[in-house]
Amino acid sequence: MITFPFSLSGKKILVTGASSGIGQSTAIECSRMGAKLIISARSEVRLNETFSQLTGDGHQIVVADLSRQEGIDAVMNAIDKVDGIVLCAGKGLTLPYQFATREKFDDIFNINFFSPVELLRLLYKKKKINTAGSVVVIASLGGTKIFSGGNSIYGASKAALNCIMKFCAKEFSSRKIRVNCICPGMVETPLIHRGTVSDEQLKENEKLYPLGRYGKPEEIAYSAVYLLSDATTWMTGQDIILDGGISIR
Ligand SMILES: NC(=O)c1ccc[n+]([C@@H]2O[C@H](COP(=O)([O-])OP(=O)(O)OC[C@H]3O[C@@H](n4cnc5c(N)ncnc54)[C@H](OP(=O)(O)O)[C@@H]3O)[C@@H](O)[C@H]2O)c1
């Protein structure tokens, strides 16, 4: 029996996209549960804000643009071994399909799909993930259940991520490394205010959620902590849908 199955004490965890929103919250909550963090994103200023909110010491910042090979190399070079990885860096796009050019696909797939996939491939290949480690991928409800207009490129990038992670889960099981996805519905972060959807439209959409509101970043972070912890040592290749009930509406 594990004495404190939900604790992250003694675990080293990499969180990408840790300068904002879900990744920031995840880093903070992981540190509160005892983990040592390696936090990464492009903005050093915002990473420092996250860093200042981490509990405990021994944490590390890696400034890196993961859409570029140099950024992936920087993260690889900063890591010796990790017990957990949260692949969270990503961006949104709302665009009618008739405007979905190859360029737009390349841009979104580069950061939402190819970057996490390549980073994970290298970490695994170079044996930088400890035996019995846990990988958490922040995918999206938009790649699995809700196919709202204008989200085709974004949804496809997340669906691809969702799919390949099941293959990783199978292959990595030989080293007892687990790979699971979290698929959130709309979460109140800067991402949802950056696009072409107005605040009025967001307010209307929020009313459709059975639990009455969009999610909070920490509500995603708590599930990431769960997946990173020893409470889920028998769980791999799965999707956790966190969506305030919108998919059963
Ligand atoms: N909010 C939602 O409703 C929602 C729903 C489902 C899934 N998600 C997913 O959750 C993840 C986090 O989103 P969020 O809502 O927390 O958005 P956010 O607040 O905009 O955070 C996005 C994070 O990704 C990082 N990032 C973006 N491009 C990067 C790049 N090229 N290299 C390195 N880091 C990069 C950003 O850091 P820098 O700008 O400092 O680089 C930031 O830390 C995304 O993968 C998103 O698709 C969000």
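Below, the structure is looked at part by part.

About the thresholds
Throughout, a residue's number is its position along its own chain's written sequence, starting from 1. Only residues with pLDDT of at least 70 get local features here, since the model is predicted, and only at 80 or more are side-chain atom pairs given and counted; chain-wide, interface and lining totals rely on the full set of residues. Where helices are involved, their axes are fitted lines through C-alpha atoms of the stretch in contact, as for all axes, and angles between N-to-C directions lie from 0 to 180°. Note on conventions: DSSP H or I runs of at least 4 residues are helices, E runs of at least 2 residues are strands, and numbering of each starts at the N terminus. Oblique is the label for any angle not covered by the other classes, which are roughly parallel (under 35 degrees), roughly antiparallel (over 145) and roughly perpendicular (65 to 115). Each crossing is labelled by how the near helix is turned from the far one, with a counterclockwise turn of less than a right angle marking it left-handed and a clockwise turn marking it right-handed. Throughout, a residue-residue contact means that the two C-beta atoms, derived from backbone geometry, are no farther apart than 7 Å. Here the nonpolar group is Ala, Val, Leu, Ile, Met, Phe, Trp, Tyr, Cys and Pro; Asp, Glu, Lys and Arg are the charged ones; every other residue, Gly included, is treated as polar. Each residue gets a C-beta atom placed from its backbone. Should that atom fall within 6 Å of a molecule or strand, the residue is termed near it. Two strands pair under a simple rule: DSSP has to find at least two bridges between them. Think of it as a crowd count around each C-beta: if 20 or more other C-beta atoms lie within 10 Å the residue is buried, if 12 or fewer it is exposed, and in between it is partly exposed, with C-beta placed from the backbone throughout.

1. Side note on the packing of helix 4 (residues 102-125) against helix 5 (residues 152-172)
Okay, so step 1: Contact geometry of helix 4 with helix 5 gives a least axis separation of 9 Å together with a crossing angle of 15 degrees. On the basis of the axis angle, helix 4 is roughly parallel to helix 5. Of the two elements, helix 4 crosses helix 5, and the hand of that crossing is right-handed. Taken together, the residues of helix 5 that come into contact with helix 4 (itself represented by Lys104, Phe105, Ile108, Phe109, Asn112, Phe113, Pro116, Val117, Leu120 and Tyr124) are Ile153, Tyr154, Ser157, Lys158, Ala160, Leu161, Ile164, Cys168 and Phe172.
Okay, so step 2: Taken together, the residues of the contact of helix 4 with helix 5 sort by class into 15 nonpolar, two polar and two charged.

2. So, the site of the ligand
Okay, so step 1: Close to the ligand lie 30 residues, the nearest being Gly17, Gly21, Arg42, Ser43 and Gly90.
Okay, so step 2: Elements supplying a minimum of two residues to the shell around the ligand: helix 1 (21-32) and helix 6 (190-193).
Okay, so step 3: For the shell around the ligand, the per-class residue count stands at 14 nonpolar, twelve polar and four charged.

3. Describing the pairing of strand 3 (residues 60-63)
Okay, so step 1: In this sheet, strand 3 lies alongside strand 2 (residues 36-41) in parallel orientation, the contact comprising four bridges. Looking at the pairing, Ile39 lines up with Ile61 of strand 3.

4. Notes on the environment of Val86
Okay, so step 1: In this structure, Val86 sits in strand 4 (residues 82-87).
Okay, so step 2: Residue Val86 is classed as buried on the basis of its C-beta count, with 31 C-beta atoms lying within 10 Å.
Okay, so step 3: In sequence terms Val86 and Ala18 are 68 residues apart; their C-alpha atoms lie 9.4 Å from each other.
Okay, so step 4: Leaving out residues up to four positions away in the same chain, Val86 has contacts with Ile13, Val15, Thr16, Gly23, Thr26, Val136 and Ala224.

5. Some thoughts on the sheet that holds strand 1 (residues 12-16)
Okay, so step 1: One open sheet accounts for seven strands, arranged 3-2-1-4-5-6-7; its pairing is parallel. A strand with exactly one partner marks an edge of an open sheet, and here the two such strands are strand 3 and strand 7 (239-242). Across the sheet, the axes of successive neighbouring strands diverge by a mean angle of 15 degrees, strand direction being ignored.

It is worth stressing that arrangement in space is one thing and function is another; only the former is reported here.
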